[in-house]
Number of protein chains: 2
Amino acid sequence: MTGTDPSAASAADLREQDVERARELLRAERRSIDNIDAALVHLLAERFSHTQRVGLLKAEHGLPPADPSREQEQIARLRELADEAGLDPTFAEAFLRFIVTEVIRHHERLRDEGAETV
Amino acid sequence: MTGTDPSAASAADLREQDVERARELLRAERRSIDNIDAALVHLLAERFSHTQRVGLLKAEHGLPPADPSREQEQIARLRELADEAGLDPTFAEAFLRFIVTEVIRHHERLRDEGAETV
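What counts, and where the lines are drawn
Residues numbered from 1 in each chain as written. Chains lettered and ligands numbered in written order. Predicted model: local features only at pLDDT ≥ 70, side-chain atom pairs only at ≥ 80, totals over all residues. Heavy atoms only, no water. Helix = DSSP H or I, 4+ residues; strand = E, 2+ residues; numbered from the N terminus. Buried < 20%, exposed > 50% of the residue type's maximum accessible area, 1.4 Å probe, protein only. Contact = heavy atoms within 4.5 Å. Least-squares fit on C-alpha atoms with pLDDT ≥ 70 in both. 1 Å grid on protein atoms, 1.4 Å probe; cavity = no way out; pocket = protein on both sides within 12 Å on 5 of 7 lines; lining within 4 Å. Points joined across faces, edges and corners; volume = space filled by probe spheres on them. Nonpolar A, V, L, I, M, F, W, Y, C, P; charged D, E, K, R; others polar. Phe/Tyr/Trp six-rings, centres within 6.5 Å; stacked < 30°, edge-to-face > 60°. Salt bridge = Lys/Arg side-chain N within 4 Å of Asp/Glu carboxyl O. Polar contact = N/O pair within 3.5 Å; in protein donor to acceptor, adjacent residues only side chain to side chain.

As annotated in an unreviewed UniProt entry, chain A carries the name Chorismate mutase and comes from Brachybacterium saurashtrense.

Here it is as C-alpha coordinates:
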(Lines give C-alpha, C1' and ligand atoms only; values in the text may rest on other atoms or scores of the structure.)
Protein backbone atom coordinates (compact mmCIF):
# COMPACT_ATOMS: atom_id res chain seq x y z
CA MET A 1 0.00 0.00 0.00
CA THR A 2 3.09 2.27 0.32
CA GLY A 3 2.93 5.16 -2.14
CA THR A 4 -0.76 4.74 -3.01
CA ASP A 5 -3.41 7.29 -2.19
CA PRO A 6 -6.45 5.49 -0.67
CA SER A 7 -8.84 8.27 -1.71
CA ALA A 8 -7.57 8.10 -5.32
CA ALA A 9 -8.04 4.29 -5.35
CA SER A 10 -11.54 4.78 -4.08
CA ALA A 11 -12.31 7.36 -6.80
CA ALA A 12 -11.05 4.86 -9.40
CA ASP A 13 -13.30 2.17 -7.88
CA LEU A 14 -16.27 4.48 -8.07
CA ARG A 15 -15.50 5.28 -11.72
CA GLU A 16 -15.22 1.55 -12.46
CA GLN A 17 -18.56 0.88 -10.73
CA ASP A 18 -20.10 3.73 -12.70
CA VAL A 19 -18.85 2.35 -16.02
CA GLU A 20 -20.02 -1.18 -15.10
CA ARG A 21 -23.46 0.19 -14.29
CA ALA A 22 -23.56 2.05 -17.62
CA ARG A 23 -22.58 -1.17 -19.46
CA GLU A 24 -25.40 -3.02 -17.71
CA LEU A 25 -27.95 -0.35 -18.67
CA LEU A 26 -26.63 -0.47 -22.25
CA ARG A 27 -27.09 -4.28 -22.37
CA ALA A 28 -30.67 -3.95 -21.08
CA GLU A 29 -31.50 -1.27 -23.68
CA ARG A 30 -30.01 -3.44 -26.42
CA ARG A 31 -32.12 -6.42 -25.38
CA SER A 32 -35.23 -4.25 -25.73
CA ILE A 33 -34.03 -2.94 -29.12
CA ASP A 34 -33.44 -6.54 -30.30
CA ASN A 35 -36.96 -7.52 -29.24
CA ILE A 36 -38.45 -4.51 -31.04
CA ASP A 37 -36.41 -5.33 -34.17
CA ALA A 38 -37.75 -8.90 -34.18
CA ALA A 39 -41.30 -7.48 -33.96
CA LEU A 40 -40.53 -5.01 -36.79
CA VAL A 41 -39.22 -7.80 -39.04
CA HIS A 42 -42.33 -9.90 -38.45
CA LEU A 43 -44.65 -6.95 -39.08
CA LEU A 44 -42.75 -6.11 -42.28
CA ALA A 45 -43.08 -9.74 -43.43
CA GLU A 46 -46.83 -9.50 -42.79
CA ARG A 47 -47.01 -6.13 -44.58
CA PHE A 48 -45.30 -7.60 -47.65
CA SER A 49 -47.71 -10.54 -47.75
CA HIS A 50 -50.56 -7.97 -47.97
CA THR A 51 -48.83 -5.84 -50.60
CA GLN A 52 -48.07 -9.04 -52.53
CA ARG A 53 -51.82 -9.69 -52.73
CA VAL A 54 -52.39 -6.04 -53.73
CA GLY A 55 -49.77 -6.50 -56.46
CA LEU A 56 -51.50 -9.63 -57.78
CA LEU A 57 -54.89 -7.85 -57.82
CA LYS A 58 -53.36 -4.89 -59.66
CA ALA A 59 -51.57 -7.14 -62.17
CA GLU A 60 -54.74 -9.17 -62.80
CA HIS A 61 -56.83 -6.05 -63.45
CA GLY A 62 -54.19 -4.06 -65.34
CA LEU A 63 -53.95 -1.36 -62.65
CA PRO A 64 -50.67 0.64 -62.47
CA PRO A 65 -48.11 -0.61 -59.85
CA ALA A 66 -47.80 2.86 -58.19
CA ASP A 67 -50.77 4.84 -56.86
CA PRO A 68 -49.71 8.43 -56.04
CA SER A 69 -53.02 9.52 -54.41
CA ARG A 70 -53.03 6.50 -52.07
CA GLU A 71 -49.36 7.21 -51.19
CA GLN A 72 -50.14 10.86 -50.38
CA GLU A 73 -52.94 9.75 -48.03
CA GLN A 74 -50.66 7.20 -46.35
CA ILE A 75 -47.89 9.77 -45.88
CA ALA A 76 -50.24 12.37 -44.36
CA ARG A 77 -51.74 9.79 -42.00
CA LEU A 78 -48.36 8.37 -40.91
CA ARG A 79 -46.90 11.83 -40.30
CA GLU A 80 -49.84 12.55 -37.99
CA LEU A 81 -49.50 9.20 -36.16
CA ALA A 82 -45.72 9.72 -35.84
CA ASP A 83 -46.23 13.18 -34.39
CA GLU A 84 -48.65 11.82 -31.77
CA ALA A 85 -46.24 8.96 -30.92
CA GLY A 86 -43.24 11.29 -30.52
CA LEU A 87 -41.50 10.08 -33.69
CA ASP A 88 -39.99 12.60 -36.14
CA PRO A 89 -42.67 12.89 -38.91
CA THR A 90 -39.95 13.47 -41.52
CA PHE A 91 -38.33 10.18 -40.52
CA ALA A 92 -41.73 8.41 -40.64
CA GLU A 93 -42.28 9.75 -44.17
CA ALA A 94 -38.79 8.66 -45.29
CA PHE A 95 -39.45 5.24 -43.74
CA LEU A 96 -42.74 4.82 -45.65
CA ARG A 97 -41.11 5.94 -48.93
CA PHE A 98 -38.32 3.42 -48.33
CA ILE A 99 -40.86 0.58 -47.95
CA VAL A 100 -43.12 1.76 -50.80
CA THR A 101 -40.11 1.85 -53.17
CA GLU A 102 -39.49 -1.83 -52.37
CA VAL A 103 -43.20 -2.64 -52.78
CA ILE A 104 -43.37 -0.96 -56.21
CA ARG A 105 -40.30 -2.95 -57.28
CA HIS A 106 -42.22 -6.13 -56.28
CA HIS A 107 -45.37 -4.97 -58.15
CA GLU A 108 -43.39 -4.20 -61.29
CA ARG A 109 -41.85 -7.64 -61.14
CA LEU A 110 -45.33 -9.22 -60.80
CA ARG A 111 -46.61 -7.14 -63.75
CA ASP A 112 -43.62 -8.09 -65.92
CA GLU A 113 -43.90 -11.75 -64.97
CA GLY A 114 -47.65 -11.53 -65.75
CA ALA A 115 -46.92 -9.97 -69.15
CA GLU A 116 -44.53 -12.78 -69.96
CA THR A 117 -46.86 -15.61 -68.97
CA VAL A 118 -50.26 -14.26 -70.13
CA MET B 1 -83.66 -4.02 -75.89
CA THR B 2 -83.69 -3.96 -79.72
CA GLY B 3 -80.19 -4.26 -81.15
CA THR B 4 -78.55 -5.37 -77.90
CA ASP B 5 -76.95 -8.73 -77.41
CA PRO B 6 -78.12 -10.14 -74.03
CA SER B 7 -75.08 -12.42 -73.72
CA ALA B 8 -72.70 -9.45 -74.34
CA ALA B 9 -74.52 -7.39 -71.69
CA SER B 10 -74.21 -10.27 -69.26
CA ALA B 11 -70.46 -10.61 -69.97
CA ALA B 12 -70.05 -6.87 -69.28
CA ASP B 13 -72.02 -7.29 -66.03
CA LEU B 14 -69.75 -10.13 -64.99
CA ARG B 15 -66.67 -8.04 -65.76
CA GLU B 16 -68.14 -5.16 -63.73
CA GLN B 17 -68.85 -7.53 -60.82
CA ASP B 18 -65.33 -8.90 -61.08
CA VAL B 19 -63.78 -5.41 -60.97
CA GLU B 20 -66.03 -4.42 -58.04
CA ARG B 21 -64.96 -7.53 -56.16
CA ALA B 22 -61.29 -6.74 -56.87
CA ARG B 23 -61.79 -3.17 -55.57
CA GLU B 24 -63.35 -4.56 -52.41
CA LEU B 25 -60.43 -6.95 -51.85
CA LEU B 26 -58.02 -4.06 -52.48
CA ARG B 27 -59.79 -1.92 -49.86
CA ALA B 28 -59.60 -4.75 -47.30
CA GLU B 29 -55.87 -5.28 -47.98
CA ARG B 30 -55.26 -1.54 -47.61
CA ARG B 31 -57.06 -1.45 -44.28
CA SER B 32 -54.72 -4.20 -43.03
CA ILE B 33 -51.68 -2.35 -44.41
CA ASP B 34 -52.81 0.85 -42.66
CA ASN B 35 -53.14 -1.05 -39.36
CA ILE B 36 -49.68 -2.58 -39.78
CA ASP B 37 -48.21 0.84 -40.61
CA ALA B 38 -49.69 2.31 -37.42
CA ALA B 39 -48.09 -0.55 -35.45
CA LEU B 40 -44.75 0.03 -37.24
CA VAL B 41 -44.80 3.76 -36.42
CA HIS B 42 -45.47 3.04 -32.74
CA LEU B 43 -42.73 0.40 -32.57
CA LEU B 44 -40.31 2.79 -34.26
CA ALA B 45 -41.19 5.50 -31.73
CA GLU B 46 -40.49 3.00 -28.95
CA ARG B 47 -37.23 1.92 -30.61
CA PHE B 48 -36.05 5.54 -30.80
CA SER B 49 -36.82 6.10 -27.13
CA HIS B 50 -34.46 3.17 -26.34
CA THR B 51 -31.73 4.34 -28.73
CA GLN B 52 -32.10 7.84 -27.26
CA ARG B 53 -31.18 6.38 -23.84
CA VAL B 54 -28.32 4.44 -25.44
CA GLY B 55 -27.13 7.71 -27.00
CA LEU B 56 -27.21 9.49 -23.64
CA LEU B 57 -25.26 6.65 -21.97
CA LYS B 58 -22.67 6.73 -24.77
CA ALA B 59 -22.37 10.53 -24.62
CA GLU B 60 -22.00 10.48 -20.80
CA HIS B 61 -19.24 7.87 -20.93
CA GLY B 62 -17.47 9.15 -24.03
CA LEU B 63 -18.26 6.03 -26.08
CA PRO B 64 -18.30 6.43 -29.91
CA PRO B 65 -21.79 6.97 -31.48
CA ALA B 66 -21.40 4.04 -33.93
CA ASP B 67 -20.55 0.48 -32.86
CA PRO B 68 -19.64 -1.65 -35.92
CA SER B 69 -19.41 -5.02 -34.09
CA ARG B 70 -22.86 -4.56 -32.53
CA GLU B 71 -24.26 -3.58 -35.95
CA GLN B 72 -22.78 -6.70 -37.57
CA GLU B 73 -24.42 -8.90 -34.92
CA GLN B 74 -27.77 -7.13 -35.40
CA ILE B 75 -27.61 -7.51 -39.18
CA ALA B 76 -26.77 -11.25 -39.01
CA ARG B 77 -29.58 -11.87 -36.51
CA LEU B 78 -32.17 -9.85 -38.46
CA ARG B 79 -31.26 -11.55 -41.75
CA GLU B 80 -31.89 -14.91 -40.08
CA LEU B 81 -35.21 -13.76 -38.53
CA ALA B 82 -36.28 -12.28 -41.89
CA ASP B 83 -35.48 -15.52 -43.68
CA GLU B 84 -37.60 -17.52 -41.20
CA ALA B 85 -40.47 -15.00 -41.52
CA GLY B 86 -40.45 -15.09 -45.34
CA LEU B 87 -39.04 -11.56 -45.69
CA ASP B 88 -36.19 -10.85 -48.15
CA PRO B 89 -33.04 -10.79 -45.89
CA THR B 90 -31.42 -8.18 -48.16
CA PHE B 91 -34.42 -5.91 -47.60
CA ALA B 92 -34.26 -6.55 -43.83
CA GLU B 93 -30.59 -5.56 -43.83
CA ALA B 94 -31.27 -2.40 -45.87
CA PHE B 95 -34.10 -1.57 -43.47
CA LEU B 96 -31.85 -1.90 -40.40
CA ARG B 97 -29.12 0.20 -42.04
CA PHE B 98 -31.73 2.85 -42.84
CA ILE B 99 -32.78 3.03 -39.18
CA VAL B 100 -29.23 2.82 -37.78
CA THR B 101 -28.16 5.74 -39.99
CA GLU B 102 -30.90 7.84 -38.40
CA VAL B 103 -29.94 6.63 -34.90
CA ILE B 104 -26.25 7.53 -35.41
CA ARG B 105 -27.34 11.00 -36.59
CA HIS B 106 -29.24 11.34 -33.26
CA HIS B 107 -26.24 10.08 -31.25
CA GLU B 108 -23.87 12.50 -32.96
CA ARG B 109 -26.25 15.33 -32.18
CA LEU B 110 -26.34 14.26 -28.49
CA ARG B 111 -22.53 14.03 -28.39
CA ASP B 112 -22.14 17.47 -30.01
CA GLU B 113 -24.73 19.01 -27.70
CA GLY B 114 -22.89 17.42 -24.75
CA ALA B 115 -19.58 18.83 -25.95
CA GLU B 116 -21.09 22.29 -26.10
CA THR B 117 -22.68 22.24 -22.65
CA VAL B 118 -20.03 20.34 -20.62
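More follows now that the structure is in view.
S.K.: Account for the environment of V103 of chain B, naming residues and giving values.
M.R.: Residue and element names in this part refer to chain B. Here V103 lies in helix α3 (residues 89-117). On the accessibility criterion, V103 (7% relative accessible area) is buried. Remark: the alpha-carbon pair of V103 and G55, spanning 48 residues in sequence, is separated by 8.5 Å. Ignoring anything within four residues of it in the chain, the contact list for V103 reads R47, F48 and T51.

S.K.: Account for the relation of the copies chain A and chain B, with residues named and values stated.
M.R.: For the pair chain A and chain B, the best superposition has an RMSD of 0.0 Å and corresponds to a rotation of 180° with a translation of 0.0 Å parallel to the axis. One copy is carried onto the other by what is essentially a two-fold rotation axis. Proximity to the rotation axis, assessed at the C-alpha, singles out L40 of chain A in chain A; its C-alpha lies 3.3 Å from the axis. A symmetric contact is evident, with 100% of the interface residues of chain A recurring at the interface of chain B.

S.K.: How would you explain the layout of surface pockets if you had to name every residue and give the values?
M.R.: Once rolled over the atoms, a probe with the size of a water molecule shows which space is left empty. Estimates place the volume of the largest pocket at around 200 Å³. Here the lining of the largest pocket is built from residues that sort into 4 nonpolar, 1 polar and 4 charged.

S.K.: Break down the packing of aromatic side chains for me, citing the residues and quoting the values.
M.R.: Within the structure shown, the criterion is met by 6 aromatic pairs over all chains. With a centroid separation of 5.6 Å and 25° between ring planes, the pair formed by F91 of chain A and F98 of chain B is classed as stacked. One end of the pair, F91 of chain A, is in helix α3 (residues 89-117); the other, F98 of chain B, is in helix α3, on a second chain. Residue F91 of chain A is classed as buried on the basis of its relative accessible area, which comes to 5%. Assessed through its relative accessible area of 22%, F98 of chain B is described here as partly exposed. Counting every residue linked through ring pairs, the aromatic cluster contains F48, F91 and F98 of chain A together with F48, F91 and F98 of chain B.

S.K.: Requested: an account of the interface of chain A and chain B, with residues and values cited.
M.R.: Listed by partner, the interface residues are 48 residues for chain A and 48 residues for chain B. For the interface between chain A and chain B, the tally reads 8 salt bridges. Put simply, E29 of chain B and R53 of chain A hold a salt bridge, and the shortest N to O gap is 2.8 Å. Applying the counting rule to chain A against chain B returns 14 residue pairs in polar contact (both at pLDDT 80 or more). Those elements giving two or more residues to the side of chain A that touches chain B turn out to be α1 (6-60), α2 (68-85) and α3 of chain A. It is α1 of chain A that provides the largest number of residues to the side of chain A that touches chain B, a total of 29 residues.

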